[in-house]
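Fold and geometry: a report
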Amino acid sequence: MRDVTTAQPLDVQPTPLALLLLGREADPKSERGVECPGDLPSPSDPDLVERARAAKEKLGEKVFVLGHHYQRDEVIQFADVTGDSFKLARDAAARPEAEYIVFCGVHFMAESADILTSDDQRVVLPDLAAGCSMADMATAEQVAECWDVLAEAGVAEATVPVAYMNSSADIKAFTGKHGGTICTSSNAKRALDWAFEQGEKVLFLPDQHLGRNTAVRDMGMSLEDCVVYNPHKPGGGVTPEQLRAARMILWRGHCSVHGRFSLESVEDVRARIPGVNVLVHPECRHEVVAAADYVGSTEYIIKALEAAPAGSTWAIGTELNLVRRLANRFAAEDKKIVFLDKTVCFCSTMNRIDLPHLVWTLESLAEGKLVNRIEVDRETESFAKLALERMLALP
């Protein structure tokens, strides 16, 4: 093994920008930045494409490959279906003949697929390091402590938890156990409407921005109706009086990619490209959403560009792999699509699912070896499924 204590440094030192792109340094503008331990995987060997095809063909209907929109192109080409996290989990459940569900996404997505699929199916994540910084910002212990704080303030009984799909199975289970529901970026308003029919307040976790944007932009609340609970501060950093006055108790979490976009990004792209349409995801900061022309989920973004007139120009505030794929797709229709921020930013954890990991996964399964299985325990699954079923029952 190479002795890292005596190894000579590389002749070429990576620039700060390169380190940022690799997810190894933080960007203060996105609070926690895009930091992630380790480098992105090495570029793929051309032979891997043929190996992936051969292994997938050998597996036949035994395998069903799901590809999230934010995956790199080299992985997406092998996906049987593409979509956002919830759509993919439901697609998996609709394929009971598939023994193996290979989820090219991140950990919480694979958990959701395991919750919704049958006991006979095995959900596999090609790289177990593919997590989600947002989902990791809320642990079961932290949320339980938060609930105790709400109880001490006398508001727990009047509060309904609403958990974003981008959360761990533990958080979904907590939500189900406490009478709450799950939401996606597409149905967040419907979920909140339902929650306020059940109680006076909502604990929205783990993404503060989606919760705030939905409450203020879509439901007519004020920013003063919202308070942010910080799990790293005693009592959440809020007073009992603030909790009693608030309607929306927002967990202090965010998406490290969408958190990069700023009001300056919007102003800059408008100055550089006259007549540009600014389209952003609701996980962006409130001031970015307020300054945009259009706001919507990943599926909304895709459909908006499909319906856009030829010759139109769009600046998109979401993950770069998707923006680049859409730019290539619609170039022939004379639609110009650019990334909202001038600094390129991939989702570093999503990009951990690369072709080498996918090939290893498919070849292992083809040889009868189950690898990297994602399995949610029965109790957690039952309460998480309860919360998901409440979402499915929303009008």
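Here is a short report on the structure shown in this document.

Cut-off values and rules
- Residues numbered from 1 in each chain as written.
- Predicted model: local features only at pLDDT ≥ 70, side-chain atom pairs only at ≥ 80, totals over all residues.
- Heavy atoms only, no water.
- Phe/Tyr/Trp six-rings, centres within 6.5 Å; stacked < 30°, edge-to-face > 60°.
- Helix = DSSP H or I, 4+ residues; strand = E, 2+ residues; numbered from the N terminus.
- Buried < 20%, exposed > 50% of the residue type's maximum accessible area, 1.4 Å probe, protein only.
- Lys NZ or Arg CZ within 6 Å of the ring centre and 35° of its normal.
- Pairing = 2+ DSSP bridges.
- Polar contact = N/O pair within 3.5 Å; in protein donor to acceptor, adjacent residues only side chain to side chain.
- Contact = heavy atoms within 4.5 Å.
- Core = buried A, V, L, I, M, F, W, Y, C linked by side-chain atoms within 4.5 Å.
- Axes fitted to C-alpha atoms, helices over the stretch in contact; angles between N-to-C directions.

1. Quick look at the packing of aromatic side chains
Each aromatic ring pair is summarised here by two numbers: the centre-to-centre distance and the angle between the ring planes. Throughout the structure, instances matching the rule amount to 4 aromatic pairs. Taking the centre distance of 5.5 Å and the plane angle of 40 degrees together, the rings of Tyr-294 and Trp-314 count as tilted. On the criterion of sequence distance, the pair formed by Tyr-294 in strand S11 (residues 294-295) and Trp-314 in strand S12 (residues 313-317) is long-range, its members being 20 residues apart. Residue class for Tyr-294 comes out partly exposed when judged on its relative accessible area of 34%. Across from the ring centre of Phe-383, 4.9 Å away, lies the NZ or CZ of Lys-177, which sits over that ring. Over the ring of Phe-196 we find Arg-247; its NZ or CZ atom is 4.9 Å from the centre of that ring.

2. Some remarks on the sheet that holds S11
The strand order S11-S10-S12-S13 describes an open sheet built from 4 strands, whose pairing is parallel. For this open sheet the edge positions go to S11 and strand S13 (336-339), each flanked by a neighbour on one side alone. Sheet topology note: the strand S10 (residues 277-280)/S11 ladder contains 2 bridges and is parallel. By the bridge assignment for S11, Leu-279 is matched with Tyr-294.

3. Notes on the side chain of Ser-256
Relative to the assigned elements, Ser-256 resides in the loop between strand S9 (248-251) and helix H12 (263-272). Given a relative accessible area of 8%, Ser-256 falls into the buried group. Engagement of the side chain of Ser-256 in a polar contact is seen with the side chain of Ser-133, the distance being 3.0 Å.

4. Focus on the environment of Ala-366
Within the secondary structure, Ala-366 is located in helix H16 (residues 355-366). Its relative accessible area of 19% is what places Ala-366 among the buried residues. On a C-alpha basis, the gap between Ala-366 and Val-63 in space is 9.3 Å, while along the polypeptide they are 303 residues apart. Setting aside its immediate chain neighbours within four residues, Ala-366 contacts Ala-55, Lys-58 and Leu-59.

5. With respect to the nonpolar core
Soluble globular proteins: nonpolar side chains tend toward being buried together. Within the largest apolar cluster, 128 residues are counted, with the highest numbers of intra-cluster contacts made by Leu-150, Phe-204, Leu-243, Met-248, Val-280, Ile-337 and Leu-362. In this view, Val-280 contacts Val-288, Val-289, Ala-292, Tyr-294, Val-295, Gly-296, Ile-301, Gly-317 and Leu-340; residues no more than four positions away in its chain are not counted.

6. Re the sheet that holds strand S8 (residues 226-229)
One open sheet accounts for 5 strands, arranged S6-S5-S7-S9-S8; its pairing is parallel. Edge positions in the open sheet fall to strand S6 (181-183) and S8, since each of these has one partner strand only. Strand-to-strand twist across the sheet, computed as the mean angle between neighbouring axes with direction ignored, equals 25 degrees. Relative to S9, S8 is paired through 4 bridges, and the arrangement is parallel. In the strand pairing of S9, Cys-226 is matched with Met-248.

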